[in-house]
Amino acid sequence: MGRKILFVTTDQQRYDSLGCTGGRVARTPVIDQLARDGVLYHRAHPPNVVCMPSRATMLTGQNVRHHGVWMNGVPLPADAPSVAQVLHDAGYATALVGKAHFEPFLDPFLRFEENRLGLDGRHGPHRGFDHLTLATHGGMGATHYAQWLREVHPGASDGYYPVLDLTTLEVNDQAGGGSGAPQVTTNPLPRELYHTDWVADRAIAWLDSLDDAADWFCWVSFPDPHHPWDPPQAEMGRVDPDDLNLPAGFPYGPADLDRVLEGKPRHWRMWWEGSLVSNYEAPAGWVPATLTADQVREVNARVHVENELIDEAVGRILRRVEARGWGADTDVVFTTDHGEFQGDFGLLFKGPYHVDALMRLPLIWRPAPSVWSSSAESVGGAEVLAPVGLVDLAPTFCAIAGVPVPEWMDGIPLPRSETEAWQQRRTRVLTEWDSRHPAGVEVHLQTLYTDGYTCTTYEPGTVHDGSEGELYDHADDPLQKVNRWDDPDYIALRDDLLADLCDHLPPRPAHQLPVQAPV
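Quick summary incoming for the structure in this document. These numbers come from a predicted model, not from an experiment. (Residues numbered from 1 in each chain as written. Predicted model: local features only at pLDDT ≥ 70, side-chain atom pairs only at ≥ 80, totals over all residues. Heavy atoms only, no water.)

In this section: the overall build of the protein chain. Counting its regular elements, the protein chain contains 15 helices and 17 strands. Against the globule reference of 24 Å for 519 residues, the protein chain gives a C-alpha radius of gyration of 22 Å, in line with a compact fold. Projected onto its principal axes, the C-alpha coordinates of the protein chain cover approximately 60 × 55 × 50 Å. Expressed as a percentage of the 519 residues in the protein chain, the buried residues total 62%. A separation threshold of at least 6 residues defines the contact pool for the protein chain, and within that pool the share at least 24 residues apart is 71%. (Helix = DSSP H or I, 4+ residues; strand = E, 2+ residues; numbered from the N terminus. Rg over C-alpha atoms; globule rule 2.2 N^0.38 Å. Buried < 20%, exposed > 50% of the residue type's maximum accessible area, 1.4 Å probe, protein only. Contact = heavy atoms within 4.5 Å.)

Of all the ten residues making up helix 2 (residues 51-60), ten are buried; the element is thus mostly covered by neighbouring parts of the structure. Residues C51, M52, P53, S54, R55, A56, T57, M58, L59 and T60 constitute the buried set of helix 2. Its buried side turned inward, helix 2 meets strand 1 (4-11), helix 3 (64-67), helix 4 (83-89), strand 9 (216-225), strand 10 (330-336) and helix 13 (393-401).

Turning our eyes to something else, we now look at the environment of A399. If you trace the backbone, A399 turns up in helix 13. Residues A399 and C218, spaced 181 residues apart in sequence, show a C-alpha to C-alpha distance of 16 Å.

Moving on to the sheet that holds strand 14 (residues 429-436). Pairing is antiparallel across the open sheet formed by four strands, whose spatial order is 14-15-16-17. Looking at strand neighbours, the two that pair on one side only are strand 14 and strand 17 (469-473), the edges of this open sheet. If you compare each strand with its neighbour and ignore which way they point, the axes differ by 10° on average. Bridge count for strand 14 against strand 15 (residues 442-450) is eight bridges, and the pairing is antiparallel. (Pairing = 2+ DSSP bridges. Axes fitted to C-alpha atoms, helices over the stretch in contact; angles between N-to-C directions.)

Next up on the list: the packing of aromatic side chains. With the rule as written, the count across this model stands at 22 aromatic pairs. On the numbers, 6.4 Å between centres and 55° between planes, the contact of F129 with W219 is tilted. Linking F129 in the loop between helix 5 (113-120) and strand 4 (131-134) with W219 in strand 9, this pair joins segments that are 90 residues apart in sequence. Overall, the relative accessible area of 0% leaves F129 in the buried class. With relative accessibility at 1%, the residue W219 sits in the buried group. (Phe/Tyr/Trp six-rings, centres within 6.5 Å; stacked < 30°, edge-to-face > 60°.)

Take the nonpolar core next. If you look at the biggest cluster of nonpolar residues, it comprises 49 residues, and the most contacted ones within it are F129, F217, W219, L393 and F397. For this core, the leading source of residues is helix 13, giving six residues. Discounting chain neighbours no more than four positions away, the residues touching L393 are F7, M58, V333, T335, L363 and L414. Counting residues in each nonpolar core, the second largest holds 48 residues, with L34, L193, F222 and I364 among its members. (Core = buried A, V, L, I, M, F, W, Y, C linked by side-chain atoms within 4.5 Å.)

It is worth spelling out the state of the cysteines at this point. Taken as a whole, this structure holds zero disulfides when the rule is applied. Between C502, a free cysteine, and C455, which holds the nearest cysteine sulfur, the sulfur-to-sulfur gap is 12 Å. Relative accessible area serves as the criterion here: at 57%, C502 is assigned to the exposed category. (Disulfide = S-S within 2.5 Å.)

Turning our attention to unusual backbone geometry. The step from D224 to P225 runs through a cis peptide bond, and the omega angle for that step is 0°. Tracing the backbone shows P225 in strand 9. Of the consecutive residues H227 and P228, the connecting peptide bond is found in the cis state with omega at 0°. Tracing the backbone through its elements, the reader meets P228 in the loop between strand 9 and helix 8 (254-262). Of note, the phi angle at Q183 is positive, near 55°, even though the residue is not glycine. Following the sequence through the fold, Q183 ends up in the loop between strand 8 (181-182) and helix 7 (195-208). A relative accessible area of 0% means that Q183 is categorised as buried.

Encoded structure:
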């Protein structure tokens, strides 16, 4: 028997959401223990801060300009390479349970296989996965979870927030909860029917279908804590919004916010004032200037509850892995696809804003105990400060399985220590954003993080003329409030960082893949 791989992802989870990364509200003992037993990466960044490009990178091990999924609504080509296929071909049983999102969700004509699978009641094979049981947030769409709710528990999905206005196909901005926060509602759905436990149940069922001697790769992909924020109401007693402090990045008042926005590129203030919608991820009708402190507290309370439910679900899966006798031979990797504002800068949701709230991700690798406990290179409790990327996950899975990393992968296996990170010359990580909103708004960003600096350049679009940018010095400005782009003391450093960014960005593809849906 070889090493098994349990790959756990969430959707839109901040770096500081876990106990092991400084979180002080949500109780995450299971994930925290994985960090104590493995490697905690403090500077993991995505290739893009929305779902589809980031998830395509996790599957392919390629950067955005190579796999071609440059924004949400651009489907990953059916013939794109897949680490799941590599592992399948090496003898692994492969499964994906939960949210895939390599193809658009908004698919009324069922053009995409992910949506046809659920509607037809099939479970693969697809993209190298022998088995797929798919879910997204709530009961809309054609996922296996949505079909199950409709067939087994009719009407239960009505408790979820209605993400789309089906008459206009716009993202809903209706308010709810006790504070009138956007995309919040009271959800009477029992916990056992909520998608988090459902995903864990289906992952356990797939694992139980395997022979004891099987080698397996199981990607468990939880749809939370992505908005809308509607966990089971019966679980809301875990966190009282009134007990929460406001985030450190929340503006102290109008004067503080004005100073921060004045130094940032123009699309920051334009979105805050409601004069610009630059992506499909936030409700088009919501104006961030209306966000109140109580709304931030309520949203964050719900996020903390969702993160606790995920932690408990991961614990159930791990206990089943142990019960099957696989615990000592199972590597566990935990991460997310991108972050969320959650009140930083007076904002919610996400978009073309390359700051830590969206770019800095939780990432943990707990190697198989049987391999590392007797090794001189045991990594228990290791912490890596050097930058790494989600592009490195697929090569890491290959290394765990003992198969060569394919030449088409852009990343390299994750380091197991800070020393190894520097031996690998890990000094930078890149994040990009390209968008063309249906309203005709184009925004293009390229960002380099290195040595405690975040540097972002803007290509010309419909909002920016190519002269704007952002430069943050994390040592004296960890909240990224002071943009040093035009600071005379930083000009030489800025130009060096821009040259580094230019040297390491691959060329754009000759033919850009078309957008086929908004999400």
